[in-house]
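If you want the building blocks of each chain, they are given just below.
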Amino acid sequence: MNIQNWIARSTWSLFPAVLVASAGAASCLAPPIAEMQAKQAAAAKGESADRAPTAFYDASWADCSGKDGKGGTKITTGPAKNILPLREDGVGKKTKGDASLKAHPDWFLFHSLNNGSGKALAFEWKWTTTKDDKFFGNMWAGAGLAFNASWANVNIAEAKYLVMYVKAIRDDLNDMEFTVKLHDAANDKGQTSGKVNLKTYAEGKKFSTDWTRVVIPMKAFAEGDKVDLTKVKTVDFDLAGKYPENESLWVRVDNVYFSDAEMLTPVENVGFAIAKDGVRILWDKTPGEKIEKFVVAIDGKEAATVESSKHEAKLPLAAFPAKSEHRVTVVAANAKESSSPQGTKVVVPSGAPEAATVAVDGKPLHQISPYLFGSNFMSPDAIKETNTTINRWGGNTTTTYNWKTDNDNKGNDWFFLDDFSKPEGTPETEKGYYKFIKNTLEAGADVNFSIATGPYIAKGHPSGGRYCSYPTSKYPEQDKTDGQGCGNGLKPGGKEKIWDNDPNLAFIPNSPEYQKGLVENIKKLFGGAAGKGVKFYTMDNEPGLWHDSHRDAVPKGISTDDLIDFNVKYASMVKSVDPDAKVIGMAAWGVLELAGSNLDMTPPGPDGFKHYDKVSPADKWRDRKAHGNQPQLVSFLKGVKAASEKAGKRLIDVVDIHWYPETYGKDSKGDRPRLSENLSFDPVAAPKQFDAVREWYDPTYKVEWSWTAESDDNRKMLWDPFHPVIPALKKMIEEAYPGTKLAFNEYATGSQDHYHGALIRAAVLGVFMQEDVYMAQNWYQGDSKQPTYWAQRLYGNFDGKGGKVRGKFLKSTSSHKDLMSFATDNGGKKDVVLINKNPTTPINVTVKLPAAAKSFMTYALGEGVGQRIVESGPEPAKGQEISVQVPAFSALVLVAQ
């Protein structure tokens, strides 16, 4: 849908020791020595990338992306060639390598004392930006470090670790991605391993102004088997991510070497879970090290010793006085050394738990659809780990995807710029659509594939370049450019759009016949929907926003008749190729598109599309009035129903509504954020975020503020007809085109990067089960570092062995205002999802089942437990009643059988 996700899916390739910038950017030029010396003389204090370095390290290279050294990242390099500077303050003699280097002295890459100067190796850079330089290609700098000045390759096949010390100019650079990879000299270009983030293996998991040891296991290098470890030439570094703009920064490394010694890296993912009789401390540890034991300490005092095969310790509650915050740390140890301590803060709640009852009805209400647990562009690993059931190829870029040249146009997400295209004759197996489908199917999920249905798709470039709709060669005066010859289509000042552009600059015409070749290829390559192929095809993405997102191709937007027409034409094409495929229609961006078309929001006349904000009350909703003054959703459904009856077959099986809730509420600062945004925890706003979940199903929900309910007209047209969301939409669908299924194939639940966002996501997934939604695919999922990932896994793989909340939905009733419950009859067992929204108070829950159970287990998700789901049990059940404690601000699955 947006540029951030496009950036996340984009990749840049670097060739170490070849002194050129990333694709599309010129090399950064080192400032002349005289200029650097002048800046040094002018510097008032401190160190800076602008100061002249006192020496350079010959066995290295450095480079960055930017525009001729004037914009983007500048990295300090040598006067004649790209070599890195040395700075004072190196690591001392006592930390020079280890005993293994006596047998492998050539494994030593760099130590400041080798040259007798005591100077550390400095990576110095400055991300210099202007309004024209804010594009992701600028946010990179890289360097390579060779074993010696002759750049010879070295055999490190027997090495077990890469070791170094790291030091940063400031403690707050930890949003920066500082990664390392290996590069060999096996052929002319060599091969490169995957990257490893240095913070992952740094003591304390962060950089600081003090020297920090980093010990990276060789097994941590992804795709390391592609590198010939007998001929390693350089260790390469990349600087990317979030770091301050227009400010000189540095990171130093010292004492860099490979080792085959028996070292111990820190434990990972330390967490805790409070039980009735103690506190469980949990941690992870990568296998392969010779560990004799783990030592657990409370506030610096040893509390437990655990054998190396176990990753858990249970400590008595008495060791944690209530109301106090305690630091629990864990180290791995053997006879020679121990790892740096990793820890977590533990606070035992002081208040007594509150009581609640959850009564589960034994009569199933409906079968839970397997397609509720989906996502967009999810990685194969995440699909497998969460048992995600359906993965969508969708979003803004798919509107212009050209399958023959394997490229798209970014629209107003990114300077109306085409992506790089594949040359003619490229095998289908090398194209993006093929790889997406193959990876998704092999990971075990079904595919929802979006077909471009608009009038234009991206143009392939014959020489590997990129076209754009507003080139500066044709439109020299624009508000912003990408620094590479493409503008944002706005006149200087950013308030007036450039109209009447030629779409043929960046596009070619689209048609059902053109897209038929794609559907035929998909069926040929993967089989049809009746087998193991693609089962779902969506008719494009958010057409009601094309007048904005793709105004270079569809400046006037579309009418209701246009919407019906292209859905019918392209759905007919899909059904003609694969009659068993299910077609998903509309793919509306939100409530405004459900209510009316683009014509309803524009003045009449040939230039009306230029004035979306100037439509008069008399002209507003004129397209809607021409269709019986009913919501566009209803007109669409009736239109495709009539076309289906004429064709003698159903053309649209599912209607897709994208829902990014338009609910807003004041926070503790007095601001009024959108509650579905990525908000950090706020004690005032967070309860409102949980309460806003009621928008989906509860007719008594009262929104604090929403532009869709701000005026009487908006409430009449935009809020009241579509609330509560799921029951209202299902009623419209059933009345207009019975049998059509409801999908939310883009939706947001809020705070995806924060722990309470996982609980909100868990609540919404439960609501989808409760309200019998057919399909749901969240827009943003992420990996195991994202809290919402664990909500998805709670429903799809709570035990790590494929345990899923599925089956038939059972009504359940909670007696506590802060406790949500959702229950299922899952093939002979009962699954009950319990969510405690209270951030401070545990709840003792008595679950009353419809029939007696023999035993039960629980699987809990909590902020303190770390990136994991904690399993407890099995425990014997006492008939139909089971008692469990749901900790404050947590969710768990109770499995009774």
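Everything here concerns the structure above.
Keep in mind that what you see is a predicted model, and the values were worked out from it rather than measured. (Residues numbered from 1 in each chain as written. Predicted model: local features only at pLDDT ≥ 70, side-chain atom pairs only at ≥ 80, totals over all residues. Heavy atoms only, no water.)

### Quick notes on the overall build of the protein chain
- Looking only at helices and strands, the protein chain features 15 helices and 38 strands.
- In terms of C-alpha radius of gyration, the protein chain reaches 30 Å, essentially the compact-globule figure of 29 Å for 897 residues.
- Summarising its shape, the C-alpha atoms of the protein chain cover approximately 85 × 75 × 55 Å along the three principal directions.
- Counting only residues that meet the buried cut, the protein chain has 57% of its 897 residues in that class.
- A separation of at least 24 residues holds for 73% of the contacts in the protein chain among residues at least 6 apart in sequence.
- Taken as a whole, the protein chain presents about 36700 Å² of accessible surface, with 50% of it coming from carbon and sulfur.
- Taking the average place of the 110 positive charges on the side chains of the protein chain and the average place of its 111 negative ones, the gap between the two points comes to 2 Å. (Helix = DSSP H or I, 4+ residues; strand = E, 2+ residues; numbered from the N terminus. Rg over C-alpha atoms; globule rule 2.2 N^0.38 Å. Buried < 20%, exposed > 50% of the residue type's maximum accessible area, 1.4 Å probe, protein only. Contact = heavy atoms within 4.5 Å. Areas by Shrake-Rupley, 256 points an atom, 1.4 Å probe, with all protein chains shown as cover. Lys, Arg positive; Asp, Glu negative; His and termini not counted. Charge placed at Lys NZ, Arg CZ, Asp CG, Glu CD.)

### Concerning the pairing of strand β32 (residues 775-778)
- Where burial is concerned, the two faces of β32 agree: the one with M775 and Q777 and the one with A776 and N778 are both buried.
- Pairing of strand β31 (residues 741-744) with β32 involves two bridges; the strand directions are parallel. Residue pairing for β32: F744 is matched across the bridge by A776.
- Viewed along the sheet, the connection from β31 through helix α14 (residues 755-770) into β32 turns out right-handed. (Pairing = 2+ DSSP bridges. Right-handed = clockwise from strand over helix to strand, strands pointing away.)

### Considering the state of the cysteines
- For the coordinates displayed, the defined rule picks out one disulfide.
- Here C468 is linked by a disulfide to C486, with a sulfur-sulfur distance of 2.2 Å. Across the disulfide from C468 to C486, rotation about the S-S bond amounts to roughly -90°, and the bridge is consequently left-handed. Here C468 is found in the loop between β26 (456-458) and β27 (507-509), whereas its partner C486 is found in the loop between β26 and β27, with 18 residues between them in sequence. When sorted by exposure, C468 lands in the same class as C486, which is buried. (Disulfide = S-S within 2.5 Å.)

### Observations regarding the pattern of salt bridges
- In the structure shown here, the tally under the stated rule is 37 salt bridges.
- Overlapping salt bridges, with partners in common, bring together D408, K410, D419 and R466 in one network. (Salt bridge = Lys/Arg side-chain N within 4 Å of Asp/Glu carboxyl O.)

### Looking at unusual backbone geometry
- The amide bond that connects H723 to the next residue, P724, takes the cis arrangement and shows omega of -10°.
- In this structure, P874 follows G873 across a cis peptide bond, with omega equal to 5°.
- Along the polypeptide, P874 turns up in strand β37 (residues 870-886).
- With phi around 50°, D299 is a residue other than glycine that occupies positive phi space.
- With respect to the helices and strands, the residue D299 is situated in the loop between β17 (293-298) and β18 (301-307).
- The class of D299 is partly exposed, set by a relative accessible area of 43%.
- Unlike most non-glycine residues, F377 shows phi in positive territory, near 50°.
- In this structure, F377 sits in the loop between β23 (371-376) and α3 (380-386).

### Regarding the packing of aromatic side chains
- Evaluation of the coordinates by the stated rule reveals 34 aromatic pairs.
- Where W393 meets Y401, the ring centres are 5.1 Å apart and the plane angle is 75°; that geometry is what we call edge-to-face.
- The class for W393 is buried, based on a relative accessible area of 8%.
- When the ring of Y456 is compared with that of F507, the centres are 6.1 Å apart and the planes differ by 45°; the resulting orientation is tilted. Taken together, the residues Y456 in strand β26 and F507 in strand β27 connect sequence positions 51 residues apart.
- Feature note: the residues F377, W393, Y401, F436 and F449 constitute an aromatic cluster, connected by ring pairs.
- Its guanidinium or amino end placed over the ring of Y467, K459 lies 4.9 Å from that ring's centre, counting from NZ or CZ.
- Sitting above the plane of the W705 ring, R672 keeps its charged end 4.2 Å from the centroid. (Phe/Tyr/Trp six-rings, centres within 6.5 Å; stacked < 30°, edge-to-face > 60°. Lys NZ or Arg CZ within 6 Å of the ring centre and 35° of its normal.)

### A short note on the environment of P471
- Among the secondary structure elements, P471 is positioned in the loop between β26 and β27.
- Judged by its relative accessible area of 14%, P471 is buried.
- Taking C-alpha positions, P471 is 9.7 Å from A506, a pair spaced 35 residues apart along the chain.
- P471 has contacts with Q478, G485, C486 and L505, leaving out every residue within four places of it along the chain.

### Describing the sheet that holds strand β24 (residues 390-393)
- Spatially, β23-β24-β25-β28-β29-β30-β31-β32 is the arrangement adopted by the eight strands of the closed barrel, whose pairing is parallel. Adjacent strand axes in the sheet meet at a mean angle of 25°, parallel and antiparallel pairs treated alike.
- The pairing of strand β30 (residues 654-657) with β31 spans three bridges and is classified as parallel. Each bridged residue has a counterpart across the sheet, and for V655 the counterpart in β31 is L742. (Axes fitted to C-alpha atoms, helices over the stretch in contact; angles between N-to-C directions.)

### A few points about the pairing of β24
- The side-chain alternation of β24 yields two buried faces, one formed by I390 and R392 and the other by N391 and W393.
- Pairing of β23 with β24 involves three bridges; the strand directions are parallel. The residue of β24 that forms the bridge with S375 is N391.
- Handedness of the β23-α3-β24 crossover: right-handed.
- With four bridges connecting them, β24 and strand β25 (residues 446-451) associate as parallel partners. Across the sheet, residue W393 finds its bridge partner in β25, namely F449.
- With respect to chirality, the unit in which β24 leads through helix α4 (residues 432-443) into the neighbouring parallel β25 is right-handed.

### Describing the sheet that holds strand β19 (residues 312-315)
- Taking strand neighbours across the sheet as the criterion, the three strands line up as β15-β16-β19 in an open arrangement whose pairing is antiparallel. Whereas interior strands pair on both sides, the edge strands pair on one side only; in this sheet they are β15 (268-275) and β19. The average angle at which neighbouring strand axes cross in this sheet is 20°, direction not considered.
- Both β15 and strand β16 (residues 278-284) contribute to a ladder of six bridges, which runs antiparallel. Along β16, the bridge assignment pairs G271 with L282.

### Details of the packing of helix α10 (residues 632-647) against helix α13 (residues 725-736)
- Contact pair α10 / α13: the axes reach a minimum separation of 9 Å and the direction vectors enclose 30°. Taken together, the axis directions place α10 and α13 in an arrangement best described as roughly parallel. Pair α10 / α13 crosses with right-handed handedness. Residues L633, V634, L637, K638 and K641 of α10 touch α13, and the partners they reach there are L729, M732, I733 and A736. (Parallel < 35°, antiparallel > 145°, perpendicular 65-115°, else oblique. Left-handed = near helix turned anticlockwise from the far one by under 90°.)

### Observations regarding the nonpolar core
- Counting residues in hydrophobic clusters, the biggest one holds 113 residues, and the most contacted among them are Y433, F449, Y537, I657, W696, F744 and F768.
- It is α14 that provides the largest number of residues to this core, a total of eleven residues.
- Aside from chain neighbours lying at most four places away, what touches F449 is W393, Y433, I437, L518, I522, V534, F536, Y537 and T538.
- F108, F110, V163 and I216 belong to the second-largest nonpolar core, a separate cluster that totals 57 residues. (Core = buried A, V, L, I, M, F, W, Y, C linked by side-chain atoms within 4.5 Å.)

### What to know about α14
- The terminal C-alpha atoms of α14, which comprises 16 residues, lie 23 Å apart, in line with the 22 Å expected from a rise of 1.5 Å per residue.
- Following α14 by one or two positions, D772 has its phi on the positive side, about 55°. (Expected span 1.5 Å × (residues − 1).)

### Examining the environment of L545
- Examined against the element boundaries, L545 turns out to sit in the loop between β28 (536-539) and α6 (546-549).
- Residue class for L545 comes out partly exposed when judged on its relative accessible area of 21%.
- In the structure, L545 is positioned 45 residues away from G590 in sequence and 9.6 Å away in space, judged by C-alpha atoms.
- Filtering out sequence-adjacent residues up to four positions away, L545 remains in contact with H550 and W589.

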